[in-house]
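# Descriptive structure summary
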Amino acid sequence: MISIDPNALPGRENYKFLSGSIIPRPVAFVTTQSSEGILNAAPFSYFNIITDEPPMISVSVQRLNGEMKDTSRNAVEKGEFVVHISDESYIDQINNTAKPLSSNESEVEDSGLTPVNSIKVSVQGVKEANIRLECVLERAIELGGTDGNPSCDLLIGRVVYYHIREDLYKKGRINAAGLKPVSRLAGSTYAKLGETFELTRPV
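A short tour of the structure in this document, coming up. All figures in this text were calculated on a predicted structure; none of them were measured in a lab. Counting restarts for each chain: residues are numbered from 1 in the order of the written sequence. pLDDT decides what is reported in this predicted model: residues at 70 or higher carry local features, side-chain atom pairs at 80 or more are listed and counted, and totals for whole chains, interfaces and linings draw on all residues regardless. As a convention, hydrogens and water are excluded, and side-chain values are obtained from all of the structure's heavy atoms.

### Brief notes about the sheet that holds strand 9 (residues 131-143)
Two strands in a sheet stick together by hydrogen bonds in their backbones, pointing the same way (parallel) or opposite ways (antiparallel). If DSSP finds at least two bridges between two strands, the strands pair. Working definition: helices are DSSP H or I runs of at least four residues, strands are E runs of at least two. Numbering for both runs from the N terminus. As summarised here, the arrangement of the seven strands in space is 3-2-6-9-10-5-4, forming an open sheet in which the pairing is antiparallel. Since the sheet does not close on itself, it has two edges, and those belong to strand 3 (39-44) and strand 4 (47-52), each with one partner. Neighbour to neighbour, the strand axes of the sheet diverge by 35° on average, direction disregarded. Summarising the sheet, strand 9 and strand 10 (residues 152-164) pair through 12 bridges and their orientation is antiparallel. Along strand 10, the bridge assignment pairs Leu 143 with Cys 152. Of the strands in this sheet, strand 2 (28-33), strand 3, strand 5 (55-62), strand 6 (80-85), strand 9 and strand 10 are in contact with helix 2 (residues 70-78), which crosses strand 2 at around 55°. Between N-to-C directions, angles span 0 to 180 degrees; the directions come from axes that are lines fitted to C-alpha atoms, helices contributing only their stretch in contact. When checking whether two residues touch, look at their non-hydrogen atoms; a contact exists if any pair is within 4.5 Å.

See the structure below:
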């Protein structure tokens, strides 16, 4: 067993250790709208559930040289965003949205995705997603880095509306095999659902 002090690791080694260890990670595909009305989109694998009463999720958006990314800035300014569950059917288009575009360019348009109106928020989602979650911003928390220069923005979203492809939802359960979710591993490596198994919790 190798034991390592994180403070002793150089450069991006902490990122490599964490992203290679905490796997697989679900990928949130997030759309936001800028103050100029541009529909932005980007994928994030620092993503999970926080609570179900009320339904809340978290998305951590890393900063670039201390600067907020479009997703964080738009979510904070507008107070709304839409999270889509990444799946095999449109993963190439999702990956394309990670391309570095200027703030006045739409990754949705650039990737050939189809905007679709939401019900309870003003931010549009994308039609290609088989599950999307309309969210209002519950809280944005600056974390990491140094005083006055955080390394990320933790977005806490309260889900106000669900959308799911009809055949994937039956008796309150989601058909994971039919959804074909995609998860992030390390670097450029991703994973499909693969083999599943069940464990009964002890009572």
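### What to know about the sheet that holds strand 1 (residues 25-26)
What the three strands build is an open sheet, ordered 1-13-14; its pairing is antiparallel. One side of each edge strand has no neighbouring strand; the edge strands of this open sheet are strand 1 and strand 14 (190-191). Inspection of the sheet shows strand 1 paired to strand 13 (residues 183-184) by two bridges, in the antiparallel sense. Counted as the bridge partner of Arg 25 is Arg 184 from strand 13.

### Examining the nonpolar core
Across soluble globular proteins, you tend to see nonpolar side chains buried next to one another. Residues belong to a common nonpolar core when they are buried Ala, Val, Leu, Ile, Met, Phe, Trp, Tyr or Cys residues joined through side-chain atoms within 4.5 Å. Only protein chains enter the accessibility calculation, which uses a 1.4 Å probe. A residue is then buried if its area is under 20% of the maximum for its type, exposed if over 50%, and partly exposed in between. Counting 19 residues, the largest nonpolar core has Val 30, Phe 47, Ile 57, Val 59, Val 83, Leu 133 and Cys 135 as its most contacted members. Elements with a contribution of two residues or more to this core: strand 2, strand 3, strand 5, strand 6, strand 9 and strand 10. Those residues in contact with Val 83, other than ones at most four positions away along the chain, are Ala 28, Phe 29, Val 30, Phe 47, Ile 57, Val 59, Ile 131, Arg 132, Leu 133 and Cys 135. By size, the runner-up hydrophobic cluster in this structure holds 13 residues, among which are Tyr 90, Ile 94, Leu 113 and Ala 129.

### Quick notes on the pattern of salt bridges
The rule for a salt bridge is simple: a side-chain nitrogen of Lys or Arg has to be within 4 Å of a carboxyl oxygen of Asp or Glu. Under the counting rule described, the total for this entry stands at eight salt bridges. Of the charged contacts, one joins Asp 70 and Arg 73 as a salt bridge, the two residues approaching to 2.6 Å between their closest N and O atoms. Linking Asp 70 with Arg 73, this pair stays in helix 2, spanning three residues, or about one helical turn. The partner of Glu 88 in a salt bridge is Lys 192, with the nearest N and O atoms 3.8 Å apart. Pair noted here: Glu 88 is in the loop between strand 6 and helix 3 (91-96) and Lys 192 is in the segment after strand 14, with a separation of 104 residues, a long-range link. Taken together, the shared-partner salt bridges in this structure form one network comprising Arg 63, Glu 142 and Asp 153.

### Re the pairing of strand 10
Pairing between strand 5 and strand 10: seven bridges, direction antiparallel. Its bridge partner lying in strand 10, Ile 57 is registered against Gly 157.

### Here we look at the environment of Ser 19
Mapped onto the elements, Ser 19 comes out in helix 1 (residues 13-21). What makes Ser 19 buried here is its relative accessible area of 4%. Measuring from C-alpha to C-alpha, the distance between Ser 19 and Tyr 46 comes to 9.3 Å, with 27 residues separating the pair along the chain. When residues no more than four places from it in sequence are discounted, the contact partners of Ser 19 are Arg 25, Leu 185 and Ala 186.

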